[in-house]
Amino acid sequence: MIPFVDLKAQYLSIQSEIDEAIQSVINQTAFIGGSYAAKFEKEFADFHGVKHCIACANGTDSLEILLQAMGVGPGDEVLVPALSWISTSEAVSTVGATPVFVDIVADYYTIDLDLIEAKITAKTKAIIPVHIYGQPVDMIRLMEIAKKHDLKVLEDCAQAHSATVNGQKIGTFGDCASFSFYPGKNLGAYGDSGGMITNDAEIARVARMIANHGQEGKHNHLMEGRNSRMDGIQAAVLSVKLKYLNQWTDARIANSKEYDALLKDSAVVTPKVIEHGKHVFHLYVIRSKKRAELMKALKAENVGVSIHYPTALPFLDCYKNRNHRIEDFPVAYEVTQEIISLPMFAELSKESIKTVANIILK
Ligand SMILES: *Cc1c(COP(=O)(O)O)cnc(C)c1O
């Protein structure tokens, strides 16, 4: 049996440190926010070389809170890629704005930069590039487009912790960036949690306020906010795990190269990486015209496989009223008929990769 992801293997590799960290949170009854969250915020900001990090409850809240902190709301349009996890577009709707979908490029699965300008209207306020599967969006070009049209940029980094463009970490190009620390993400907690980073003091101030009931200091509610705080236990776990992130990222990249080499003469399409980009392989996604047969064969041999995502965002039932047509998002539509996510995690063995590749080759 080769699992899709093995969080237990990772835990066992750092068990004593994790157990100690969790116990110390309990000993100090530092359950919500507090010193552990503050410590992680400092470490995660330093990791990116940015001024501010605000820890919060999950990576969907962080998108919503940052949109609100940038003043995005009713009447505004926000450009989002046609392929992502629903949080990206959901967050736009939650703050009262309208998500406007942009098709993706087949080679990289990220937003098609050539299609952005045609989607810009007088109402467009922001763009949310998504570094999907760990593939960085070409942020140099995206920022040029955003500057030209005076648009805010919120990077959705939920799948791409420590990916880079020209050696610069993603999340540091836009006005602000959102991270998820959902357990299965490249940097994952032991429950839900998320984080926001920015160099903009005002975005940071407002985002922190919104995440804690609109308070600036205790009982000074300048606005109505919400409850989106990070648990002490999650923060303590993340502080331990952040130390290993570079090592785990290297292992993911090495695993991707292993797959690439073994599948190079097969009929499946293996992942490409943008020029000057560092892809961190949250997911190793291949494409096949015979997806159903391939998935059946892999499952028959107890290989964990999945599809991220079977339906492109514009075609989800919740957007039916928008009357999107296949020809509006042809690439996202076609890609979602063919993609398969193979097992990918730092501890995945070469042996397992070979087994998976052999089933595909056969
Ligand atoms: C996981 C994910 C999110 C949301 O994160 P949660 O912590 O699960 O709320 C947002 N965007 C993308 C692209 C994601 O993969």
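Structure: see above.
The structure reproduced in this document is the subject of the present report. Residue numbering note: each chain is counted from 1, following its sequence as written. Reporting in this predicted model follows two pLDDT cut-offs: at least 70 for local features of residues, and 80 or more for side-chain atom pairs to be given and counted; totals over whole chains, interfaces and linings ignore these cut-offs and use all residues. Hydrogens and water are ignored here; the side-chain numbers use all heavy atoms of the structure.

Here we take up the pattern of salt bridges. Salt bridges are defined by distance alone: a side-chain nitrogen of Lys or Arg within 4 Å of a carboxyl oxygen of Asp or Glu. Applying the stated criterion to the full structure yields 19 salt bridges. Here K39 ties to E43 by a salt bridge, and the two come within 2.8 Å at their closest N and O atoms. Highlighted residues: K39 and E43, both in helix α3 (residues 34-48), separated by four residues, approximately one helical turn. Type-normalised accessible area, obtained with a 1.4 Å probe on protein chains alone, sets the label of each residue: buried when under 20%, exposed when over 50%, and partly exposed for intermediate values. Look at K39 and you get partly exposed, because its relative accessible area is 45%. Put simply, R287, K289, E334 and E338 are held in one network by salt bridges that share partners. Put simply, DSSP marks the helices as runs of H or I at least four residues long and the strands as runs of E at least two long, and each gets a number from the N terminus on.

Now for the sheet that holds strand β1 (residues 52-56). Strands qualify as paired when DSSP identifies two bridges or more between them. Spatial ordering of the open sheet is given by β1-β9-β8-β5-β4-β2-β3, a layout of seven strands whose pairing is mixed. Only two strands of the sheet have a single partner each, and these edge strands are β1 and β3 (98-102). On average, adjacent strands in this sheet sit at an angle of 25 degrees to one another, irrespective of strand direction. In the sheet, β1 pairs with strand β9 (residues 194-198) via five bridges, with the strands oriented antiparallel. Among the inter-strand pairings, C56 is bridged to a residue of β9, identified as G194. Note on contacts: a residue pair qualifies if any of its non-hydrogen atoms lie within 4.5 Å across the two residues. Fitted lines through C-alpha atoms serve as axes, helices being fitted only where they are in contact, and the angles separating the N-to-C directions of these axes extend from 0 to 180 degrees. Lying on the sheet, helix α4 (residues 59-69) is in contact with β1, β5 (152-156), β8 (176-180) and β9; it crosses β8 at an angle near 165 degrees. The sheet contacts of helix α5 (residues 87-94) involve β2 (77-81), β3 and β5, and relative to β3 the element is tilted by about 150 degrees.

A separate point is the nonpolar core. Side chains that are nonpolar tend, in soluble globular proteins, to be buried together. Residues F40, F44, I116, L142 and F181 are the most contacted members of the largest nonpolar core, which totals 55 residues. Those domain boundaries reflect an automatic or database domain assignment. When residues of this core are sorted by domain, at least three fall in each of domain 1 (14-102 + 109-242) and domain 2 (245-361). Excluding its chain neighbours within four sequence positions, the residues that come into contact with L142 are I111, L113, I116, I127, P129, V137 and V153. Counting residues in each nonpolar core, the second largest holds 44 residues, with L63, L66, I203 and A332 among its members. Buried residues of nine kinds, namely Ala, Val, Leu, Ile, Met, Phe, Trp, Tyr and Cys, make up a nonpolar core once their side-chain atoms join them within 4.5 Å.

Purely geometric stuff here, so don't read any function into it on its own.
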